[in-house]
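Coordinate analysis (summary)
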Amino acid sequence: MTLSSVLSKTELPLRPDVVAAGETLSGDPLEVRSPWDGSLVGLVPTGGRSETSDAIDAAHQATRSPLPAFRRAEILDGAAAGIQANRDAFARILALEIGKPVSQALVEVDRCVQTFRFSAAEARTLTGTGVAFDAHPAGVGHRGFTIRVPIGVIAAITPFNFPLNLAAHKIGPAIATGCGVVLKPSRDAPLAATALAGLLYEAGLPREALSVVVGSSSEIGDVLIADQRVGMITFTGSSEVGWQLAARAPQKRVSLELGNSTPVVVCADADLAAAAGSVAASGFAFAGQSCISVQRVIVEESVHSRFVDELVGASAGKILGNPTDPDTFVGPLINDRARERVAAWIEEAQESGATPLVGSTNGGPHLGPTVLDDVDTASRVWLDEVFGPVVGIRTFRHFSEAIEAANATEYGLQAGIFTTDIRKALDAAEQLDFGGVTINETPTFRVDQMPYGGTKISGNTREGPRYTVREMTEERVVVIGG
């Protein structure tokens, strides 16, 4: 069965021709091709400046006249139910257009359901607070309170790797607050975004409240930055692009969720088999194409050999293959450019002295799991975000060295430690300079209601519906005289 024939069996409201604000789009259709075998998955019409401006017009009107809170919550709950009902179909789209192994695609679909449910809860409960005006002599005889009002149009820019759930983390809170949305998905993953929008329309969301515009990042981005009706840009992607975007939009609220060079510290007292299994699962799932995939492992010298044996064994079971196969764990990188870059970084690391323990060439045109020992700290696979199925290892003797090595990066999204020593665990929680620290759990861990975000160049905000709705609203004080 071909990928195209599988997609044809996907019964979802895939209508990209009516997802953008205008019925007619100016750009040529975008071919969406499988990163596994290059076969055509689908065609998506594209737009540019005009369509983006039309989408902002529509979103602005939706923001000025939002639905009541109970109705917004009903739409979000309805969307969650619809996603759940179409669970397998959504997972097939992810497997086809981005090569996410279907077993992992199902996990993303389930998380998307939860993100909308948490957003619905925020729609029902988001409120201001009372203000004790008479606590100040000048306030005697006055009453007042605060309300939360929509910040304006939300420009949501999402990457390819989690096209459903990362879109939900932006769209769900925006709907909850009454903000209209213009969604600009990755050109590598437009089908999931358009399917999600179509389902939201079916759940009752007015069309003007959400537009999806697929096209040139520079053209669409220029319009989103320049239009003053866009109150907030929420971006998930590379650190370089994110901070450039923030610099170009100094008068807007710009929420950034960016990259990482994810470290894990493995202490001698840890459960080494559990740690190795977690590292292999985190480093190689979806070919390492997650900003919190484990990339750097800092293991105590005295257990290095034992840990390496466990990691090599755990890596052997991570099957590279067709993403539609339920047994596949790794899957392909998103495109040839990404594969060539990661392969070049691996080669550079080996030229700098790294020892390959698990090879990367067993997948033919695709990269399989790669474990490199004794990686030079100046190599790109250690310093930069590799975004591929590569795990590098170094050792430490003293705990302070491990913390220093983990922190020796520009990035600061999430980090992890494996230890049975509670003091070391708590010290790591305080000393690791990251937005999140996991203990005896891979730093790839995320549940969708938790505050998630980074320090340093990894971002400037915390996502999770409870936190995002506050970013997407302004607090306004109301004063009532005597």
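Residues numbered from 1 in each chain as written. Predicted model: local features only at pLDDT ≥ 70, side-chain atom pairs only at ≥ 80, totals over all residues. Heavy atoms only, no water.

Take the sheet that holds strand β12 (residues 370-373) next. Sheet strands pair by backbone hydrogen bonding; their relative direction is either parallel or antiparallel. Ordered in space as β11-β12-β13-β10-β9-β14-β15, the seven strands form an open sheet in which the pairing is mixed. Bordering the open sheet on either side are β11 (355-358) and β15 (436-439), each of which pairs with just one other strand. Strand-to-strand twist across the sheet, computed as the mean angle between neighbouring axes with direction ignored, equals 25°. One ladder, built from five bridges, connects strand β9 (residues 262-266) with strand β10 (residues 294-300); its direction is parallel. For V264, the partnering residue across the bridge sits in β10 and is V297. The strands touched by helix α12 (residues 336-351) within the sheet are β11, β12 and β13 (390-396), with β12 carrying the most contacts at an inclination of about 25°. Each of β10, β14 (414-418) and β15 touches helix α15 (residues 422-431); the most contacted strand, β15, lies at about 165° to it. (Pairing = 2+ DSSP bridges. Helix = DSSP H or I, 4+ residues; strand = E, 2+ residues; numbered from the N terminus. Axes fitted to C-alpha atoms, helices over the stretch in contact; angles between N-to-C directions. Contact = heavy atoms within 4.5 Å.)

Turning our attention to the packing of helix α2 (residues 49-64) against helix α8 (residues 217-226). The N-to-C vectors of α2 and α8 enclose an angle of 35°; their axes lie 9 Å apart at closest approach. Every pair of crossing elements has a handedness; the one defined by α2 and α8 is right-handed. Each of R49, T52, S53 and I56 in α2 lies in contact with α8, whose residues at this interface are E219, I220, D222, V223 and L224. Of the residues contributing to the contact of α2 with α8, the split by class is four nonpolar, two polar and three charged. (Left-handed = near helix turned anticlockwise from the far one by under 90°. Nonpolar A, V, L, I, M, F, W, Y, C, P; charged D, E, K, R; others polar.)

Right, let's get into the packing of helix α3 (residues 69-85) against helix α7 (residues 190-202). Between α3 and α7, the least distance of the axes is 9 Å, while the angle of their chain directions is 125°. As far as their axial angle goes, α7 and α3 are oblique. Crossing handedness for the pair α3 and α7: right-handed. Note on element contacts: α7 touches α3 through L196, L199 and L200, opposite I75, A79, G82 and I83. Class assignment of the residues belonging to the contact of α3 with α7 gives a composition of six nonpolar, one polar and no charged. (Parallel < 35°, antiparallel > 145°, perpendicular 65-115°, else oblique.)

As a further point, take the side chain of T262. Its location among the elements puts T262 in strand β9. Here the side chain of T262 touches C291 through a polar contact of 3.4 Å, landing on its backbone oxygen. Within the structure, T262 has its side chain in polar contact with the backbone oxygen of S293 (distance 3.2 Å). In this structure, T262 is in contact with C291, I292, S293, V294, Q295, R296, Q414 and P443, ignoring residues within four places of it in sequence. (Polar contact = N/O pair within 3.5 Å; in protein donor to acceptor, adjacent residues only side chain to side chain.)

It is worth spelling out a nonpolar patch on the surface at this point. Taken together, the side chains of V131, V477 and V479 define a hydrophobic patch exposed on the protein surface, amounting to about 220 Å² of accessible area. Mapping V479 onto the fold places it in strand β16 (residues 473-480). For V479, a relative accessible area of 46% corresponds to the partly exposed category. (Patch = residues over 30% accessible without salt bridge, like charges linked within 9 Å, V, L, I, M, F, W, Y side chains within 5 Å. Areas by Shrake-Rupley, 256 points an atom, 1.4 Å probe, with all protein chains shown as cover. Salt bridge = Lys/Arg side-chain N within 4 Å of Asp/Glu carboxyl O. Buried < 20%, exposed > 50% of the residue type's maximum accessible area, 1.4 Å probe, protein only.)

Once that is clear, we can look at the environment of A174. Structurally, the position occupied by A174 is in helix α6 (residues 165-177). Once you skip the residues sitting within four places of it in the chain, A174 turns out to touch I154, C179, V181 and M472.

Looking now at the pattern of salt bridges. One pass over the full model with this rule turns up 20 salt bridges. With a closest N to O distance of 2.7 Å, D57 and R229 form a salt bridge. Placement of D57 in helix α2 and of R229 in the loop between α8 and β7 (230-236) is noted, with a sequence separation of 172 residues between them. Taking relative accessible area as the criterion, D57 reaches 32% and is therefore assigned partly exposed. According to the relative accessible area criterion, R229 is partly exposed, its value standing at 27%.

Here the focus is the confidence of the model for the protein chain. For the protein chain, per-residue confidence averages 93 on the pLDDT scale, and 94% of positions sit at 70 or higher. Within the model, pLDDT remains below 50 along residues 1-24, and this stretch shows 67 contacts once partners closer than five positions in the same chain are excluded. (pLDDT = per-residue confidence, 0-100.)

A word on α7. An ideal rise of 1.5 Å per residue puts 18 Å on 13 residues; α7 measures up with 19 Å between its terminal C-alpha atoms. Counting buried positions along α7 gives twelve out of 13 residues, so the element sits mostly inside the fold. All of the buried residues along α7 are P190, L191, A192, A193, T194, A195, L196, A197, G198, L199, L200 and Y201. Following α7 by one or two positions, G204 has its phi on the positive side, about 115°. (Expected span 1.5 Å × (residues − 1).)

Below, the discussion takes up the sheet that holds strand β8 (residues 253-257). Pairing in this open sheet of five strands is parallel, and the strands run β6-β5-β4-β7-β8 from one edge to the other. In this open sheet, the two strands that pair with only one neighbour each are β6 (210-212) and β8. Geometrically, the sheet is characterised by an average inter-axis angle of 15° between neighbouring strands, direction not taken into account. Sheet strands touched by α7: β5 (181-184) and β6. Its angle to β6, the strand with the most contacts, is close to 155°.

Each regular strand carries side chains that alternate between the two faces of the sheet. In terms of burial, β9 is largely enclosed, as five of its five residues are buried. Across the two faces of β9 the burial is the same, with T262, V264 and V266 and P263 and V265 all buried. Once you follow β9 into helix α10 (residues 272-284) and on to β10, the crossover reads as right-handed. As paired strands, β9 and β14 are joined by three bridges and run parallel to one another. (Right-handed = clockwise from strand over helix to strand, strands pointing away.)

What follows is about the packing of aromatic side chains. Evaluation of the coordinates by the stated rule reveals two aromatic pairs. Here the aromatic rings of F160 and F286 are separated by 6.3 Å at their centres, their planes lie at 65°, and the arrangement is edge-to-face. On the criterion of sequence distance, the pair formed by F160 in the loop between β4 (153-157) and α6 and F286 in the loop between α10 and β10 is long-range, its members being 126 residues apart. On the basis of an interplanar angle of 85° and a centroid distance of 6.1 Å, the ring pair of F160 and F387 is categorised as edge-to-face. Remark: F387 occurs in the loop between α13 (380-383) and β13 and F160 occurs in the loop between β4 and α6; sequence separation between them is 227 residues. We note K100 situated over the ring of F162; from NZ or CZ to the ring centre the distance is 3.6 Å. Residue placement shows K318 over the ring face of F329; its charged tip is 4.4 Å from the ring centre. (Phe/Tyr/Trp six-rings, centres within 6.5 Å; stacked < 30°, edge-to-face > 60°. Lys NZ or Arg CZ within 6 Å of the ring centre and 35° of its normal.)

All right, on to the environment of S290 then. Position of S290 among the secondary structure elements: in the loop between α10 and β10. Residue class for S290 comes out buried when judged on its relative accessible area of 12%. The contact partners of S290, leaving out residues within four places of it in the chain, are N161, F162 and F387.

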